[in-house]
Amino acid sequence: GTGIEPGVDGTYGPGNPTDEPGPIGLDARRGPRVVRRVVTSVTKDWDPPSPRSMPEIVVRGRTLEQVGQELSALPEWGEGGGMIRSERIPPGTSAEIEVHLHANLVKRLPRWTKYDNASAAAKREWDRMMRALTAHEERHVEIAVEEANQCATDLMGVEIEEIARIVTEANRRMHDRQVEYDNDTDHGQRDGVDLDISIA
């Protein structure tokens, strides 16, 4: 080589053709081409929301007492929420980037297989609990959608290097809000997510 030192961007100046390119693999005889790749559009898979409902949560007890025991053995009686994921951006030099976001929404509720055989009083109690649980899990889904929408807004106009950080921060906010909601409602019990197992 000619002994020319690499510049600040790791490229070499004009010189002997045997000069090696810098770490980023650019040959300065053509000049580095730096393109700012900026998010100009975001696609969302939750508009309208269609949360996953599987795998099914099934309880098979004959009585509310047995059903209550089955539910109490579960980590949660139902599940609601989501987690934001962005698809990988393919390599390229286009200045405009489209980001594809997925909210991975979920809303799972229990199904009582012996419901049809239960007494009218037991059915009323189950239905009351299910209305409260459904509203609770739907709020979890709403929180996920709110944060996913905010993430989509925050991504507009940013450079490609910022995408992962923004999605990670959105998921952290979503998680913190979901925990706060469960703490505030005692996982829905303060809003009626409980079961009177004394009803026959």
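Before any of the text, the structure's been laid out above.
What you are looking at is a predicted structure, and each value in this text was computed from that prediction instead of being measured. Residue positions are given per chain, counting from 1 as you read along its sequence in written order. With the structure being a predicted model, the display of local features is reserved for residues of pLDDT at least 70 and the display and counting of side-chain atom pairs for 80 or more, all residues being used for whole-chain, interface and lining totals. Water and hydrogen atoms were dropped before computing side-chain values, which therefore reflect all heavy atoms in the structure.

Asker: Would you explain the overall build of the protein in this entry?
Answerer: Here a strand is any run of E in DSSP of at least two residues, a helix any run of H or I of at least four, and the numbering for each starts at the N terminus. Looking only at helices and strands, one finds 3 helices and 7 strands in the protein. Order of helices (α) and strands (β) in the protein, N terminus to C terminus: β-β-α-β-β-β-β-β-α-α. Whether a residue is buried, partly exposed or exposed follows from its accessible area with a 1.4 Å probe, protein chains only, as a fraction of its type maximum: under 20%, in between, or over 50%, in that order. By residue count, 33% of the 200 residues in the protein fall in the buried class. The contact criterion used is simple: two residues touch if any of their non-hydrogen atoms lie within 4.5 Å. The contacts in the protein between residues at least 6 apart in sequence include a share of 71% that link residues at least 24 apart. A total accessible area of about 12000 Å² is found for the protein, and carbon and sulfur atoms account for 50% of it. For the area figures, the Shrake-Rupley method with a 1.4 Å probe applies, and any residue is considered shielded solely by the protein chains shown.

Asker: Honestly, the packing of aromatic side chains in this entry has me stumped. Any pointers?
Answerer: Two aromatic rings are characterised by how far apart their centres lie and by the angle between their planes. Note on ring pairs: Phe, Tyr and Trp rings are taken, using the six-membered ring of Trp, and paired if centres are within 6.5 Å. Classes follow the plane angle, with under 30 degrees stacked, over 60 edge-to-face and the rest tilted. Taken as a whole, this structure holds 2 aromatic pairs when the rule is applied. Residues Trp 112 and Tyr 115 carry aromatic rings whose centres are separated by 6.1 Å and whose planes lie at 80 degrees to one another, so their mutual orientation is edge-to-face. When its relative accessible area of 5% is taken as the criterion, Trp 112 is described as buried. Between the aromatic rings of Trp 112 and Trp 126, the centroid separation amounts to 5.3 Å while the plane-to-plane angle is 55 degrees, which identifies the pairing as tilted.

Asker: Got a minute to help me understand the side chain of His 136 in this structure?
Answerer: Relative to the helices and strands, His 136 is located in helix H2 (residues 120–155). Those residues in contact with His 136 that lie beyond four places of it in its chain are Tyr 181, Asp 182, Thr 185, His 187, Gly 188 and Val 193.

Asker: I would appreciate a short explanation of helix H1 (residues 64–72) in the present structure.
Answerer: In an α-helix, one turn spans 3.6 residues, which is why side chains three or four residues apart end up on the same side. Along H1, the residues that are buried comprise Leu 64, Val 67, Gly 68 and Leu 71. Down the axis of H1, the buried set is contained in an arc of 100 degrees. They therefore lie on one face. Those residues of H1 that are buried are in contact with strand S2 (57–59), strand S7 (110–112) and H2. Regarding the arc, it is the one traced by the directions from the helix axis to the C-beta atoms.

Asker: What should I look at first to understand H2 in this one?
Answerer: Here the expected span of a helix is defined as 1.5 Å times the quantity of residues minus one. Its 36 residues place the ends of H2 52 Å apart at the C-alpha level, agreeing with the 52 Å of an ideal helix rising 1.5 Å per residue. Gly 157 sits one or two positions beyond H2 and adopts a positive phi of about 85 degrees.

Asker: Quick question: what am I supposed to make of the sheet that holds strand S5 (residues 96–102) here?
Answerer: Whenever strands of a sheet pair, they do so through backbone hydrogen bonds, lying parallel or antiparallel. The 3 strands are arranged S1-S5-S4 in an open sheet whose pairing can be described as mixed. The sheet terminates laterally at strand S1 (38–44) and strand S4 (85–86), the two strands that pair on one side only. Only strands that DSSP links by at least two bridges are regarded as paired with each other. As judged from the 2 bridges shared by S4 and S5, these two strands associate in the antiparallel manner. The residue of S5 that forms the bridge with Arg 85 is His 102.

Asker: Can you help me understand the pairing of S5 in this one?
Answerer: Every other side chain in a regular strand lies on the same face of the sheet, so the side chains alternate between the two faces. Looking at chain direction, S1 and S5 are connected through 6 bridges and run parallel. Bridge pairing in S5 places Ser 41 opposite Glu 98.

Asker: Teacher, can you tell me more about the pattern of salt bridges here?
Answerer: Only one rule defines a salt bridge in this text: a Lys or Arg side-chain nitrogen within 4 Å of an Asp or Glu carboxyl oxygen. Tallied over the full model, the rule gives 14 salt bridges. Linked by salt bridges that have partners in common, Arg 139, Glu 142, Glu 146, Glu 147, Asp 154, Arg 173 and Arg 177 make up one network.

Asker: Can you walk me through the nonpolar core in this structure?
Answerer: If you look at soluble globular proteins, the nonpolar side chains tend to sit buried side by side. Residues belong to a common nonpolar core when they are buried Ala, Val, Leu, Ile, Met, Phe, Trp, Tyr or Cys residues joined through side-chain atoms within 4.5 Å. Core analysis: the biggest nonpolar cluster contains 22 residues, and Trp 46, Ile 84, Val 99, Leu 101, Cys 151 and Leu 155 have the highest contact counts within it. When residues of this core are traced back to their parent elements, those giving at least two are S5, H2 and helix H3 (163–185). In this structure, Leu 64, Trp 126, Val 193 and Leu 195 belong to the second largest nonpolar core, which totals 15 residues.

Asker: How do you make sense of unusual backbone geometry when you look at a structure like this?
Answerer: If a residue is not glycine, its phi is most likely negative; likewise, a peptide bond is most likely trans. Between Asp 47 and the following residue, Pro 48, the backbone shows a cis peptide bond with an omega angle of 5 degrees. Mapped onto the fold, Pro 48 is located in the loop between S1 and S2. With an omega of 0 degrees, the peptide bond between Met 54 and Pro 55 qualifies as cis. Among the structural elements, Pro 55 can be located in the loop between S1 and S2.

In short, geometric facts, not functional conclusions.
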